[in-house]
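# Examining the three-dimensional arrangement
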There are 2 protein chains.
Amino acid sequence: MEYINKYVEENKDRFLEDLFGLIRIPSISSEKSHKEDMYKAAEYWKQTLLSAGADKAEVYETKGNPVTYGEKIIDPALPTVLVYAHMDVMPVDPVNLWKSPPFEPEIREGKIWARGADDDKGQSMMHAKAFELMVKTNTLPCNVKFMIEGEEEIGSPNLPAWCEANKEMLKADVILVSDTSMIAPDKPSITTGLRGLAYWQVEVTGPNRDLHSGLFGGTVANPINVLSKMIAQMTDENGRITIPGFYDDVLEVSAEERELLGRAPFNVDEYKKAIDVEELAGEKGFTTMEHTGIRPSFDVCGIWGGYTGEGAKTVLPSKAFAKISTRLVPDQDHEKIAVLFKEHFESIGPKSVKVEVTSLHGGPAYVCPIDIPAYQAAEKAYTDVYGKRPVPVRSGGSIPIISSFEKILGIKSVLMGFGLESDAIHSPNENYPLEQFYNGIKTIPLFYKYFAEMNK
Amino acid sequence: MEYINKYVEENKDRFLEDLFGLIRIPSISSEKSHKEDMYKAAEYWKQTLLSAGADKAEVYETKGNPVTYGEKIIDPALPTVLVYAHMDVMPVDPVNLWKSPPFEPEIREGKIWARGADDDKGQSMMHAKAFELMVKTNTLPCNVKFMIEGEEEIGSPNLPAWCEANKEMLKADVILVSDTSMIAPDKPSITTGLRGLAYWQVEVTGPNRDLHSGLFGGTVANPINVLSKMIAQMTDENGRITIPGFYDDVLEVSAEERELLGRAPFNVDEYKKAIDVEELAGEKGFTTMEHTGIRPSFDVCGIWGGYTGEGAKTVLPSKAFAKISTRLVPDQDHEKIAVLFKEHFESIGPKSVKVEVTSLHGGPAYVCPIDIPAYQAAEKAYTDVYGKRPVPVRSGGSIPIISSFEKILGIKSVLMGFGLESDAIHSPNENYPLEQFYNGIKTIPLFYKYFAEMNK
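Residues numbered from 1 in each chain as written. Chains lettered and ligands numbered in written order. Predicted model: local features only at pLDDT ≥ 70, side-chain atom pairs only at ≥ 80, totals over all residues. Heavy atoms only, no water.

When you go through chain A residue by residue, the secondary structure sums to 13 helices and 16 strands. The C-alpha atoms of chain A give 24 Å as radius of gyration, which agrees with the globular expectation for 456 residues (23 Å, within 12%). Structurally, chain A occupies a C-alpha span of about 80 × 50 × 45 Å along its principal axes. Of all 456 residues assigned to chain A, the portion counted as buried reaches 60%. (Helix = DSSP H or I, 4+ residues; strand = E, 2+ residues; numbered from the N terminus. Rg over C-alpha atoms; globule rule 2.2 N^0.38 Å. Buried < 20%, exposed > 50% of the residue type's maximum accessible area, 1.4 Å probe, protein only.)

The subject of this paragraph is the interface of chain B and chain A. Between chain B and chain A, the contact holds 74 residues from the first and 74 residues from the second. Interface of chain B and chain A: buried area, both sides summed, is about 5,700 Å²; carbon and sulfur atoms make up 53% of it. Put simply, chain B and chain A have 2 salt bridges between them. Notably, a salt bridge pairs Asp 276 of chain A with Lys 354 of chain B, separated by 3.5 Å at the nearest N-O pair. Of all elements in the fold, only strand 9 (196–205), helix 5 (213–216), helix 6 (223–233), helix 8 (268–275), helix 9 (288–293), strand 10 (297–306), strand 11 (319–328) and strand 12 (354–363) of chain B reach the threshold of two or more residues within the side of chain B that touches chain A. The greatest single-element share of the side of chain B that touches chain A, amounting to 10 residues, is contributed by strand 10 of chain B. Where strand 10 (residues 297–306) of chain A meets strand 10 of chain B, 5 bridges bridge the pair, whose relative direction is antiparallel. Looking at strand 10 of chain B, one finds that Gly 302 of chain A is bridged to Gly 306 of chain B. (Contact = heavy atoms within 4.5 Å. Buried area = accessible area lost by both parts, 1.4 Å probe. Salt bridge = Lys/Arg side-chain N within 4 Å of Asp/Glu carboxyl O. Pairing = 2+ DSSP bridges.)

Rotating chain B by 180° and translating it 0.1 Å along the rotation axis places it on chain A, where the RMSD comes to 0.1 Å. Both chain copies can therefore be described as sitting about a two-fold axis. When you check the interface residues of chain B against chain A, 100% turn up at the interface there too, and the contact is symmetric in its surfaces. (Least-squares fit on C-alpha atoms with pLDDT ≥ 70 in both.)

Here we come to the domain arrangement of chain A. All names here are of chain A. Considered domain by domain, chain A is made up of domain 1 (2–194 + 365–454) and domain 2 (196–250 + 296–363). Residue-level contacts link 7 residues of domain 1 with 7 residues of domain 2. Between domain 1 and domain 2, a total of about 520 Å² is buried, with carbon and sulfur atoms accounting for 61% of that surface. Per-residue buried area on domain 1 facing domain 2 is highest for Ala 365, Ser 398 and Pro 400; these three make up 70% of the total on that side. Scanning the region where domain 1 abuts domain 2 turns up 0 salt bridges. Looking at the side of domain 1 that touches domain 2, its residues break down into 4 nonpolar, 3 polar and no charged. (Domains from an automatic or database assignment. Nonpolar A, V, L, I, M, F, W, Y, C, P; charged D, E, K, R; others polar.)

Moving on, we get to unusual backbone geometry. Backbone geometry follows two general trends: most residues other than glycine have a negative phi, and most peptide bonds adopt the trans configuration. Between Asp 119 of chain A and Asp 120 of chain A the backbone carries a cis peptide bond, its omega angle lying at 0°. Looking at the secondary structure, you find Asp 120 of chain A in the loop between strand 5 (111–113) and helix 3 (121–136). Not every positive phi belongs to a glycine, and His 426 of chain A is a case in point at roughly 70°. Summarising the element assignment, His 426 of chain A is placed in the loop between strand 15 (413–415) and strand 16 (431–433). The backbone phi angle of Asn 138 of chain B is positive, close to 55°, even though this residue is not glycine. Secondary-structure assignment places Asn 138 of chain B in the loop between helix 3 (121–136) and strand 6 (143–149). Using a relative accessible area of 72% as the deciding quantity, one classes Asn 138 of chain B as exposed.

All names here are of chain B. Here strand 2 (residues 67–72) lies mainly inside the structure; 6 of its 6 residues are buried. Every second residue of strand 2 is oriented toward a common face, with Val 67, Tyr 69 and Glu 71 on one face and Thr 68, Gly 70 and Lys 72 on the other, all of them buried. By the bridge criterion, 5 bridges tie strand 1 (residues 56–60) to strand 2 in an arrangement that is antiparallel. Residue pairing in the sheet places Val 59 in a bridge with Thr 68 of strand 2. The turn joining strand 1 and strand 2, which pair antiparallel and follow one another in sequence, is formed by 6 residues. In terms of strand pairing, strand 2 meets strand 6 through 5 bridges, oriented antiparallel. Following the sheet pairing, Gly 70 is matched in strand 6 by Phe 146.

What follows deals with the UniProt feature "domain: Peptidase M20 dimerisation" (unreviewed entry) in chain A. Listed under "domain: Peptidase M20 dimerisation" (unreviewed entry) in the UniProt record, and renumbered for this structure, are residues 192–351 of chain A. The distance separating the terminal C-alpha atoms of residues 192–351 of chain A is 45 Å; by composition the span is 32% helix and 21% strand. (UniProt positions renumbered as here; feature names shortened; annotations may be inferred.)

With that settled, consider the pattern of salt bridges. Applying the stated rule across the entire model yields 53 salt bridges over all chains. Residue Lys 412 of chain B is joined to Glu 406 of chain B by a salt bridge in which the shortest nitrogen-to-oxygen separation is 2.8 Å. The network of salt bridges with shared partners includes Arg 14, Asp 18, Lys 129 and Glu 132 of chain A.

Let's shift gears to the sheet that holds strand 16 (residues 431–433) of chain B. Within a sheet, each strand pairs with its neighbour through backbone hydrogen bonds, oriented either parallel or antiparallel. All names here are of chain B. Taking strand neighbours across the sheet as the criterion, the 3 strands line up as 4-5-16 in an open arrangement whose pairing is antiparallel. The strands lining the two open edges of the sheet, one partner per strand, are strand 4 (106–108) and strand 16. Strand-to-strand, the axes of this sheet are offset by a mean angle of 30°, without reference to chain direction. Here strand 5 (residues 111–113) pairs with strand 16 via 3 bridges, running antiparallel. Considered in strand 16, the bridge of Trp 113 is made with Asn 431. Taken strand by strand, helix 1 (residues 2–23) contacts strand 4 and strand 5, and its axis lies near 20° from that of strand 5. Against the sheet, helix 13 (residues 434–454) contacts strand 4, strand 5 and strand 16, and its axis sits at roughly 60° relative to strand 16. (Axes fitted to C-alpha atoms, helices over the stretch in contact; angles between N-to-C directions.)

Here we come to the packing of aromatic side chains. Applying the stated criterion across every chain, the model contains 34 aromatic pairs over all chains. Judged by centre distance (6.1 Å) and plane angle (25°), the rings of Tyr 382 of chain B and Tyr 386 of chain B are stacked. Residue Tyr 382 of chain B and its partner Tyr 386 of chain B are located together in helix 11 (residues 373–386), separated by 4 residues, close to a single helical turn. Take Tyr 382 of chain B and Tyr 386 of chain B: they sit in the same class, and that class is buried. Ring pairs connect the aromatic residues Trp 45, Phe 131 and Phe 146 of chain A, which therefore count as one cluster. A cation over an aromatic ring shows up here: Arg 108 of chain A above the ring of Trp 113 of chain A, its NZ or CZ 4.7 Å from the ring centre. (Phe/Tyr/Trp six-rings, centres within 6.5 Å; stacked < 30°, edge-to-face > 60°. Lys NZ or Arg CZ within 6 Å of the ring centre and 35° of its normal.)

Set out below in structure tokens:
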């Protein structure tokens, strides 16, 4: 590792300057006014790859924001690593809560403070700099491809089609992604599972107009009362979801793997204290880590109806609405679940109301097997840098595009995340510890080394 | 009745002009910008009473809008009628839905179209004109007092204190109120009951901030899921409210009285069709009319929490809110119910959330016994004008001030309403049939006549 540490030490300030240059471009994908910034960011990535040593780098148009693709093919016989990352960031509101301007990166307390410091500008820049390190030190043992998209924060609507159209160019043995987090620097972990998602909007209609709750209350079904009863029925007293067939395809995780997952350090009291709740909830028979890692969940993300202003207006409203989501696990099919929910939810509505369910969004779960060479190469690389073998962790979140890669390109992804829970991604005062940034740059070349060795 | 019909016929156009003058003053009590209009309306009432024949009339200041009081005392030995009405009206939004400007009264299809045409300018002006008729035709058989307030549409916040301060002046044998409706001109009815009200806002807090529904969903209690379960528990499978002690003071109406109430003409198919619902709901063992007339109800008037915008944003929200009301019946005490609900609702919240209940509003139910002379006088008066004996009807609505009159002044109110369900009070295109306006003016003097005879 000597050459790695030396190169990082000698170039650390420039690495940071190059990251800051990217951060200063306010590439917010959900705001149309930043369309031009997306092209600036794509161009910045093109230059970053070329100066790091790519043979070629191009900005590709899509129906939405551009994708920057670059590669260095040293020998078609060697394994190929495809790096996936995103150049877009989340909005910065409420901007007044930021201690320093979100697009003017600042170093305080050993951390970089800015929108994108972690997600995903900081984590993606580690790959560019690790690539440069391997090129400049003549230690690159694999072919490398980079695919940097500009729409991850809005659900990657155009990337699947772009992948489909560029299958040949994207051929690789593994996809490397740094867009997740680890438990702590002294408790390294690698995310091996992501939950899937199905999301609906439901509309319950009672009378054809808002009614006087005195004149009609007690005989005309109130759609909010009814919607509440319907939502209440969706989970039972054991915290299980009651949609018939919902669990049919849930992969039961073996006792052995559950034991392994249970080794991840976790303090339930600290967890509860951090979010200020007296008790946790969830499906009986499973631990907190299992609830979010290997079991599906049912959450109402939003609800509204009737009078929601100041004071006491009486009304028996015509309509009530909710946004409902389930997180899914292997091998649940999000499209099948979308239909099962719709059928069930519409069937439990009483005849006193009309129920309409619209499926809004969805994606499958993803699992990275811990016995594939790429995972094991990552495990060894982390062990070298962090001094401890990382534990595999199933995350409750969803990155639907990862499953799409497997489906379209037939390639597994390894989620080499270096973020921390405290990085406040998507929130004001996003930050990323300098130590994680530099440790990431050191870990990545070791992954390439071990991965190439395993593929010999 | 000859002298009555004659006087109305000779003065009908002027009656209408005097009403139009009142309607043209936009006395919206909930909008501060109309403060001056409240004084104009109060002054208009003072002049109306004086020119009708009152001995005196004054505008009284309160902490809010003024009250106009006027009287004609012909003989302290005779019975005294106190007329209660309100000069304020509801807002007119959405104003673009009105077919003619709300404060420029128009006659179309035999109806007066304007804000306040019925509620309560049209109905209150009938009393002024009936009073004038009796004075000018020398047929006034009782002492008369008028109390016209300007805050009914905002809950009469200052009238109880004003009544308390003017108890002596307001002494009377009955209060006459025209601020309700009848079933139909060919199905006359008199409202004999009004439900009471208790109203709360509830706040359910889960985690101390909005959480990522992927990372936390399934183990951290979602406050919307929990609130839905709590609301669902508030009514059972028979449509009964589950708050312990809630029904303790509910006056069970005798089979005989239920039979009488059941005589009011009612077509359930037309009722369902008008509001476009396939089935009605409500407490088992009671009819639709009984649900709204003699039984309490539980309605969520509003609910909100989490993401309610376009599309599919995933979030496990920190908080969920609801506005909850119950309509009450005799002899439920709204203050006792307010406490029972708060205690119960807070007690059913699981430890995974915090629950806070705030009582916002309330008032007791009111019943006018059908065996008192004043009711019977009204019944005879309606029978003379409409050719049919009116049926007593329990309305589901609430006019809390009516119960306050009984409590403070010790006087029963008779609700001589001439509105129709189709008058669209509180809505765009409020209207009042000319025939109801004139029939009201004819019915009221007959009430005075019969009431005086019964008190001889």
